[in-house]
Amino acid sequence: VPARLLACRMTLPFGSPDGLYHVRVQRTVQSEILETAQGTAAINDGEVRLDVELDLSSMAAGRYLLSYRHAGESWHPIPIVISDHAN
């Protein structure tokens with residue numbers, strides 16, 4: 001993903017509940033949280049979709065974890081790679 005302000009649409013796994021979700025970005029599971037967002041997931045055409053804005057513009061290129069969770073549940077980490085915003 002590019003290092004800039006992103007409007008992200010995430011399709012969550014089948015069976016995920018709709019409602020409030022929290023999203024965070026960090027280098028590793030135990031490291032400092034670098035960016036947070038929250039949004040409301042809705043079921044649309046049989047898919048659970050979550051839209052959030054993430055400002056990644058100040059992050060260096062490299063590997064990160066984007067984690068999401070339904071309010072009050074456990075985190076689900078997804079590895080991502082942030083590229084230089086010029087790319």
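The shown structure was predicted, so the numbers you read here are calculated from the model rather than taken from an experiment.

1. Some points on the overall build of the chain
Moving on, step 1. Scanning the chain from terminus to terminus reveals 0 helices and 6 strands.
Moving on, step 2. N-terminal to C-terminal, the α/β element order of the chain is β-β-β-β-β-β.
Moving on, step 3. Taken against the 2.2 N^0.38 rule, which gives 12 Å for 87 residues, the C-alpha radius of gyration of the chain at 13 Å falls within 12% of a compact globule.
Moving on, step 4. Dimensions of the chain along its principal axes, counting C-alpha atoms only, are 35 × 25 × 15 Å.
Moving on, step 5. For the chain, with 87 residues in total, the buried portion stands at 37%.
Moving on, step 6. Carbon and sulfur atoms make up 51% of the accessible area of the chain, which amounts to about 5400 Å² in all.

2. Considerations on the confidence of the model for the chain
Moving on, step 1. Summing up the model confidence of the chain, the mean pLDDT is 93 and the portion of residues at 70 or higher is 97%.
Moving on, step 2. Across the chain, strand β2 (residues 19-26) holds the top mean pLDDT of 97, while strand β1 (residues 5-12) sits lowest at 94.

3. Looking at the pattern of salt bridges
Moving on, step 1. Counted according to the given criterion, the structure contains 2 salt bridges.
Moving on, step 2. Close ionic contact of R9 with D51 constitutes a salt bridge, the shortest N to O distance being 2.9 Å. Of this pair, R9 sits in strand β1 while D51 sits in strand β4 (residues 47-55), and the two are 42 residues apart along the sequence.
Moving on, step 3. Using a relative accessible area of 39% as the deciding quantity, one classes D51 as partly exposed.
Moving on, step 4. The residue R49 makes a salt bridge to E47 at a minimum N-O spacing of 3.0 Å.

4. Some thoughts on the nonpolar core
Moving on, step 1. In this structure, L12, V23, L50 and L54 are the most contacted members of the largest nonpolar core, which totals 21 residues.
Moving on, step 2. Those elements giving two or more residues to this core turn out to be β1, β2, β3 (33-44), β4, β5 (62-70) and β6 (76-82).
Moving on, step 3. Excluding its chain neighbours within four sequence positions, the residues that come into contact with L50 are C8, R9, M10, L12, Y21, V23, G39, T40 and A41.

5. Observations regarding the sheet that holds β2
Moving on, step 1. The strand order across the open sheet built from 6 strands is β1-β4-β3-β2-β5-β6, with neighbouring strands paired in antiparallel fashion. Whereas interior strands pair on both sides, the edge strands pair on one side only; in this sheet they are β1 and β6. Taken pair by pair, the neighbouring strands of this sheet meet at an average axis angle of 25°, ignoring direction.
Moving on, step 2. Bridge count between β3 and β4: 3 bridges; the pairing is antiparallel. The residue of β4 that forms the bridge with N44 is E47.

So, how was this worked out
Residues numbered from 1 in each chain as written. Predicted model: local features only at pLDDT ≥ 70, side-chain atom pairs only at ≥ 80, totals over all residues. Heavy atoms only, no water. Helix = DSSP H or I, 4+ residues; strand = E, 2+ residues; numbered from the N terminus. Rg over C-alpha atoms; globule rule 2.2 N^0.38 Å. Buried < 20%, exposed > 50% of the residue type's maximum accessible area, 1.4 Å probe, protein only. Areas by Shrake-Rupley, 256 points an atom, 1.4 Å probe, with all protein chains shown as cover. pLDDT = per-residue confidence, 0-100. Salt bridge = Lys/Arg side-chain N within 4 Å of Asp/Glu carboxyl O. Core = buried A, V, L, I, M, F, W, Y, C linked by side-chain atoms within 4.5 Å. Contact = heavy atoms within 4.5 Å. Pairing = 2+ DSSP bridges. Axes fitted to C-alpha atoms, helices over the stretch in contact; angles between N-to-C directions.

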